[in-house]
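Listed below are the residues making up each chain.
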Amino acid sequence: MKLDFVRGHMGGNLIILLRGEQIPAGTELETAVKLMGPNYLHAHEAGILYPGSRPGEIDVKIAEPSVPCFISACGGFTQVLGAALVETELGRYFGVDLTCVPVEAVLLTGCGPTELKIDFDGQKALRIKTDMECFVRECYERGVGTLNYGEFNYMRVGKFIVINADHFNEAYPGLDYVNWNRKARDILQAIQHDFMERTGEIEPNVALYDWRPERGGDLRVVFPHYVQDDYFEPSCGTGSVALGIAIFTAGELGRLNPAESGWVTLNIESGGGIELGGPDITTLEIKIGSESVKAAAFSHSRVEITAVGEARL
């Protein structure tokens, strides 16, 4: 089997893009998971793309290798796809109007339509803004609130565990979020296992954050989803949205001033490696109501296409 692919990353979150019509029906997940393996293209997620019913509309399946399963949304995938639509032939293939300012596309994902707006200088994507409102709705549908592991409290946001690192360290002194010592890994895995048993979620997704930025942001984060396999996502779009919902729910947005429209902008340090924080900035915009987050959008400061080619299976 020969498959055309595009490979890229968002702050170290590795993504591959595949054309669905080249994959035999019924083998999509198996094929994507194999391609994401270390002997092939090595990635955190894969997007399988199909033409929608109109130009600029793309039907997508998003594959995650660790469970493995299809997932409803992936922010890094949307950012890499946004860059690929203007920097490779994918945009013309899916009928995207590259003369529009900004360039626009609509992704039909498992949680609903997801709009992309791409600032483009004629050669390179400058900024990709992903509308994540449908993922916000999904989080609330699955459940948002405080959970406990023993005497330690953390936040559940949909399929995400969101942990304030300072509170975590107070409960369990000696945790290392740079080298991820055995104590940090064991306790986090125990919390993940307990979370999945209690909620029925099948993915142990984690956002770990604190309010001690080092590069001019508002806070910093890392996404240690599968520490037992050294599988970290240094950047994560859905995780950033979950983080925004969590800090609103926990009453931690008081240090920021919402605009009259209700929108709040968070500059989140992430990316580059497994340590808390990073060299990049995820810009998250959330619209808050009296009791919940109503909408969200995000962009990332470093999105790159790294390879275009043909994979053979």
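The structure we're discussing is the one just above.
The structure displayed is predicted, hence computed values, not measured ones.

About the thresholds
- Residues numbered from 1 in each chain as written.
- Predicted model: local features only at pLDDT ≥ 70, side-chain atom pairs only at ≥ 80, totals over all residues.
- Heavy atoms only, no water.
- Core = buried A, V, L, I, M, F, W, Y, C linked by side-chain atoms within 4.5 Å.
- Buried < 20%, exposed > 50% of the residue type's maximum accessible area, 1.4 Å probe, protein only.
- Contact = heavy atoms within 4.5 Å.
- Phe/Tyr/Trp six-rings, centres within 6.5 Å; stacked < 30°, edge-to-face > 60°.
- Lys NZ or Arg CZ within 6 Å of the ring centre and 35° of its normal.
- Helix = DSSP H or I, 4+ residues; strand = E, 2+ residues; numbered from the N terminus.
- 1 Å grid on protein atoms, 1.4 Å probe; cavity = no way out; pocket = protein on both sides within 12 Å on 5 of 7 lines; lining within 4 Å.
- Points joined across faces, edges and corners; volume = space filled by probe spheres on them.
- Nonpolar A, V, L, I, M, F, W, Y, C, P; charged D, E, K, R; others polar.
- Salt bridge = Lys/Arg side-chain N within 4 Å of Asp/Glu carboxyl O.

## Looking at the nonpolar core
With 64 residues, the main nonpolar core has Leu17, Leu49, Phe77, Leu81, Leu85, Leu90 and Val162 as its most contacted residues. With near-sequence residues (within four places) excluded, leucine 17 lies in contact with Asp4, Phe5, Val6, Gly47, Leu49, Phe77, Val80, Leu81, Ala84 and Leu90. In terms of nonpolar packing, the next biggest core, distinct from the first, is built from 22 residues, Phe152, Ile161, Ile191 and Val206 among them.

## Topic: the packing of aromatic side chains
Counted by the stated rule, this structure contains nine aromatic pairs. Pairing phenylalanine 168 with tyrosine 177 gives two aromatic rings, centres 6.5 Å apart and planes at 10°, and the pair type is stacked. The structure contains a cluster of three or more aromatic residues connected by ring pairs, namely Phe152, Tyr154, Phe168, Tyr172, Tyr177, Trp180, Phe195 and Phe232. Its end group placed over the ring of tyrosine 93, arginine 19 keeps NZ or CZ at 4.2 Å from the ring centre.

## Focus: unusual backbone geometry
Working note: non-glycine residues mostly have negative phi, and peptide bonds are mostly trans. Residue proline 68 is bonded to the preceding valine 67 through a cis peptide linkage, with omega at -15°. Assignment of secondary structure puts proline 68 in the loop between β4 (57–64) and β5 (69–71). Here the amide bond leading from valine 101 into proline 102 is cis, since omega sits at -10°, within 30 degrees of zero. Summarising the element assignment, proline 102 is placed in the loop between α3 (90–93) and β6 (103–109). Within the chain, histidine 42 stands out as a residue other than glycine whose phi angle is a positive 50°. By secondary structure assignment, the location of histidine 42 is in the loop between α1 (28–35) and β3 (45–51).

## What to know about the layout of surface pockets
If you add up the space inside the largest pocket, you get close to 230 Å³. Forming the boundary of the largest pocket are 15 residues, of which Asn153, Tyr154, Met155, Asn164 and His167 lie nearest the centre. Secondary-structure elements contributing two or more residues to the lining of the largest pocket are β10 (152–157), β11 (160–164) and α5 (165–171). Here the lining of the largest pocket takes four residues from β10, the largest share from any one element. Of the residues in the lining of the largest pocket, the class split is nine nonpolar, four polar and two charged. A volume near 180 Å³ is recorded for the second largest pocket.

## Section: the pattern of salt bridges
Under the counting rule described, the total for this entry stands at 22 salt bridges. The partner of glutamate 28 in a salt bridge is lysine 61, and the shortest N-O contact between them spans 4.0 Å. Here lysine 61 lies in strand β4 and glutamate 28 lies in helix α1, a separation of 33 residues in the sequence. Using a relative accessible area of 32% as the deciding quantity, one classes lysine 61 as partly exposed. Among the ionic pairs, aspartate 210 bridges to arginine 220, the shortest N-O distance being 2.8 Å. On the criterion of sequence distance, the pair formed by aspartate 210 in strand β12 (residues 205–210) and arginine 220 in strand β13 (residues 219–226) is long-range, its members being 10 residues apart. You can call arginine 220 buried: its relative accessible area is 10%.

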